[in-house]
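This is what each chain is made of:
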Amino acid sequence: MDAGRAKRRANRAAPEFALKFWHVAAGAVVLSLAAHEAYRPALHGPFVFDDQYLPFYSYDFGDKPLRAVVSGVRPLLMLTFWLNYRLSELEPYTYHLFNLLFHVANAVLVFWVVRKALTLAGDGTATVRRELLAAFASAVFLLHPVQTEAVAYVASRSENLSVLFFLAAFALFLYRRHEAISWPAAAGISALYGAAVSTKEHTAVLPALLLATDYSWGGWRTIARNWRLYSLLAVLGAGGLWFVWRVLASAQTAGFGMPDLPWHHYFFTQWRAFWVYVRLFLWPAGQNVDYAYPISRSIFDHGAVLGLAALIAAVGAAFFFRRRYPLAWYGTLVTLILFAPTSSVVPIRDAVAERRLYLPFVGLLFILVEFLRRAKLSRGAVAAGMAGVLLLGILTHRRAQVWGSEVALWEDSVRKSPHNARAHFQLAVAYYVEKRCPEALRHFAEAARLSKPDARLLVDWGLAEDCAGRPAAALEKLREAARLEPNAHVYTQIGMVHGKLGRLEEALQALEQAAALEPNYDLIYYYRGNVHAVAGRLEQAREDYHRALQLNPKNEAARRALLRIGNRLR
């Protein structure tokens with residue numbers, strides 16, 4: 001008996017199952033509760049890493065009208081940040097909660113997408129097996145530890161929100177009523193595609209995914225029948241490419257403008273990086289917020305050619321066995337397509353990042369369920385699947401605990417990447433924020449040893465020296481930073497240290513230098529007000545505090561100082 005006949009017999013023997021609305025609703029509730037428990041330690045965690053450079057950290061973000069917020073790039077993403085700020089200003093919980101809700105919604109969409117893929121692969125039309133496999137895939141997507149970054153890292157919202165639109169468009173495409181897609185459906189898919197690309201550019205590959213899907217399950221004739229959709233997507237795709245090129249042209253950490261990271265070096269590196277992602281999918285050990293993954297400067301550097309050979313062998317095997325394992329072959333195509341924007345020839349400063357697995361995760365799930373669908377459906381198999389999902393949830397909870405503390409996150413990274421200068425720097429800053437200044441100094445020094453220090457590191461290092469009671473060392477570091485990059489901030493910090501030492505004239509001189517560089521920097525007038533207050537010049541101090549608040553109404557330190565001066569003048 002051949003494999004196809006056995007599979008058809010198994011499908012006929014499998015009990016039929018009519019999926020109802022309450023099944024889906026109950027499943028969504030269960031997923032939400034499970035996700036909240038798994039990611040709970042990270043929900044109240046702090047903003048970390050690049051979160052603090054997002055637009056909502058700007059002091060005037062809450063005062064901007066909605067129209068101004070959504071008029072720039074990534075308008076839908078900015079809209080969600082605007083809503084977060086309106087709800088809780090800079091309280092991290094609601095930001096993480098939004099990320100969690102988007103992630104749960106994506107898991108629900110994964111259920112529908114995998115369910116349809118199983119049907120296309122010939123696994124029945126209404127069987128318990130199909131529904132259970134789709135539910136399992138959805139749960140794996142939701143609770144896999146590698147997804148922790150999608151919830152705990154607010155800067156990753158561009159990832160899970162864009163994928164939400166992407167998967168919604170894909171689901172609408174898969175569940176169209178007729179093989180030849182209608183104009184309304186084509187318009188809906190195109191609108192969702194536009195929303196996805198405008199939220200994050202890597203989703204521009206949706207047309208390639210749809211073409212691969214039509215060709216894999218229907219051939220050229222199916223593609224021809226869907227001319228309405230592909231004509232719209234061709235226009236949108238051209239606009240999307242222009243948009244992506246525009247973003248890359250202005251980006252500092254991605255694109256072809258980084259002389260120290262040419263496209264071919266990045267391409268060589270991704271031959272190896274691909275297998276890091278596969279390993280994380282199969283065995284999520286050694287996760288790291290900052291991998292500092294080494295670049296392959298040639299095809300032999302760090303064994304890049306071995307990664308390419310393994311990739312060619314894997315794709316070749318999937319193609320050779322495509323008739324026996326059609327869903328595995330389709331999943332291989334999908335994985336390669338979805339990795340292409342971030343893991344091929346367009347250089348990105350960080351060669352490996354766990355968030356880049358978020359979208360291609362779907363393709364890997366197709367490969368996984370191809371092999372699981374051939375297993376005998378039994379109570380033992382169902383119990384094993386539930387145990388596997390539970391284990392993933394436990395591992396995710398543990399990973400979320402790491403993300404729940406900035407110190408724990410960077411201690412974990414330093415432990416796994418001890419030669420990563422950026423990890424040492426971030427850990428030093430985290431220690432400084434917690435006033436663990438001697439520990440901060442050790443890691444600032446290590447970061448400077450591993451990589452030539454820039455002005456930002458020197459400023460923070462100087463502040464840690466001041467915190468540790470070493471003002472002379474603090475001034476040395478701050479002056480070195482001023483020589484590298486003279487700006488208002490560094491001179492205000494020099495003025496602050498002089499002021500604390502009682503050197504009021506030196507403090508005023510440093511603040512005057514800051515004002516000459518950037519006269520509208522509010523901290524200049526806050527610190528100058530402090531100097532005048534110490535010197536007994538209360539009226540001048542009040543004027544400076546007023547000026548600081550005019551420039552930045554959110555400067556609470558200046559507001560409190562102004563109240564103190566007011567009480568002294570009464």
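Fair warning: this is a prediction, and the values are worked out from it, not measured in the lab.

Our next topic: the overall build of the protein chain. When you go through the protein chain residue by residue, the secondary structure sums to 27 helices and zero strands. For the protein chain, the spread of C-alpha atoms along the three principal axes comes to 95 × 50 × 45 Å. In the protein chain, which comprises 570 residues, the share counted as buried stands at 50%. The contacts of the protein chain with a sequence gap of at least 6 include a subset with a gap of at least 24, amounting to 71%. Split by element, the accessible area of the protein chain, about 26600 Å² in all, is 62% carbon and sulfur.

Within the secondary structure layout, Ser 32 lies in helix 2 (residues 21-43). On the basis of relative accessibility, which here comes to 31%, the residue Ser 32 falls in the partly exposed class. Along the chain, Ser 32 and Ala 423 lie 391 residues apart, while their C-alpha atoms are 33 Å from each other.

On to the side chain of Gln 147. Along the chain, Gln 147 turns up in the loop between helix 6 (128-143) and helix 7 (148-152). By relative accessible area, Gln 147 is classed as buried at 1%. Setting aside anything within four residues of it in sequence, one finds Gln 147 in contact with Tyr 39, His 103, Phe 141, Tyr 358 and Phe 361.

Take unusual backbone geometry next. Phi is positive for Glu 89, which is not a glycine, with a value near 50°. Of note, Glu 89 is situated in the loop between helix 4 (75-88) and helix 5 (92-120). The phi dihedral of Lys 435 falls on the positive side, at around 65°, and the residue is not glycine. The residue Lys 435 is located in the loop between helix 19 (421-433) and helix 20 (437-450) in this model.

Right, let's talk about helix 26 (residues 538-551) for a bit. Helix length check: helix 26, at 14 residues, gives a terminal C-alpha distance of 20 Å against a target of 20 Å (1.5 Å per residue), a fit within 8%. Along helix 26, the residues classified as buried are Leu 538, Ala 541, Asp 544, Tyr 545, Ala 548, Leu 549 and Leu 551. Looking down the long axis of helix 26, one finds its buried residues gathered within 160° of arc, a one-sided arrangement. Facing away from the buried side of helix 26 by more than 90 degrees, the exposed set consists of Glu 543 and Gln 550. Looking at the packing, one finds that the buried side of helix 26 touches helix 25 (522-534) and helix 27 (556-569).

Our focus in this paragraph is the packing of aromatic side chains. For the structure on display, the rule yields 32 aromatic pairs. Centroid distance Tyr 325 to Phe 371: 5.4 Å. Interplanar angle 40°. Geometry classified as tilted. Here Tyr 325 is found in the loop between helix 14 (304-320) and helix 15 (326-339), whereas its partner Phe 371 is found in helix 16 (residues 361-372), with 46 residues between them in sequence. Residue Tyr 325 is classed as partly exposed on the basis of its relative accessible area of 22%. Ring pairs connect the aromatic residues Phe 47, Phe 56, Tyr 57, Phe 81 and Tyr 95, which therefore count as one cluster. Positioned above the aromatic ring of Tyr 432 is the side chain of Lys 435, whose terminal nitrogen or guanidinium carbon lies 5.3 Å from the ring centre. Over the face of the ring belonging to Trp 461 we find Lys 477, whose NZ or CZ atom lies 4.4 Å from the ring centre.

Think of two packed helices as two axes; the pair is described by the angle between the axes and how far apart they sit. Running from N to C, helix 23 (residues 488-500) and helix 25 cross one another at 10°; their axes reach a closest spacing of 9 Å. With respect to helix 25, the axis of helix 23 lies roughly parallel. Contact with helix 23, carried on its side by Ala 488, His 489, Thr 492, Gln 493 and Met 496, involves Leu 523, Ile 524 and Tyr 527 of helix 25 and no other residues of that element. Grouping the amino acids of the contact of helix 23 with helix 25 by side-chain chemistry returns five nonpolar, three polar and no charged.

Here is what the cut-offs are and how they apply
Per-chain numbering applies: the sequence of each chain, read as written, is numbered from 1 onward. Only residues with pLDDT of at least 70 are given local features in this predicted model, and only at 80 or more are side-chain atom pairs given and counted; all residues enter the totals for whole chains, interfaces and linings. The basis for every side-chain value is the complete set of heavy atoms in the structure, and neither hydrogens nor water enter the calculation. Working definition: helices are DSSP H or I runs of at least four residues, strands are E runs of at least two. Numbering for both runs from the N terminus. Each residue is assigned to one of three classes by its accessible area relative to the maximum for its type, calculated with a 1.4 Å probe on protein chains only: buried under 20%, partly exposed between the two thresholds, exposed over 50%. Contact definition: two residues touch when any of their heavy atoms are within 4.5 Å. Per-residue and other accessible areas follow the Shrake-Rupley method at a 1.4 Å probe size, with only the shown protein chains counted as cover for residues. The span expected for a helix works out to 1.5 Å for each residue beyond the first. Each C-beta atom gives one direction from the helix axis, and the arc is the one those directions make. The pairing test for Phe, Tyr and Trp rings, Trp by its six-membered ring, is centres within 6.5 Å, and the orientation test on the planes gives stacked under 30 degrees, edge-to-face over 60, and tilted for anything in between. Two thresholds decide whether a charge sits over a ring: the Lys NZ or Arg CZ must be within 6 Å of the ring centre and within 35 degrees of the ring normal. Only the stretch in contact is used when fitting a helix axis, every axis being a line fitted to C-alpha atoms; angles between N-to-C directions are given from 0 to 180 degrees. Reported orientations rely on four angle classes, namely roughly parallel under 35 degrees, roughly antiparallel over 145, roughly perpendicular from 65 to 115, and oblique for the rest. Put simply, Ala, Val, Leu, Ile, Met, Phe, Trp, Tyr, Cys and Pro go in the nonpolar bin, Asp, Glu, Lys and Arg in the charged bin, and everything else, Gly too, in the polar bin.

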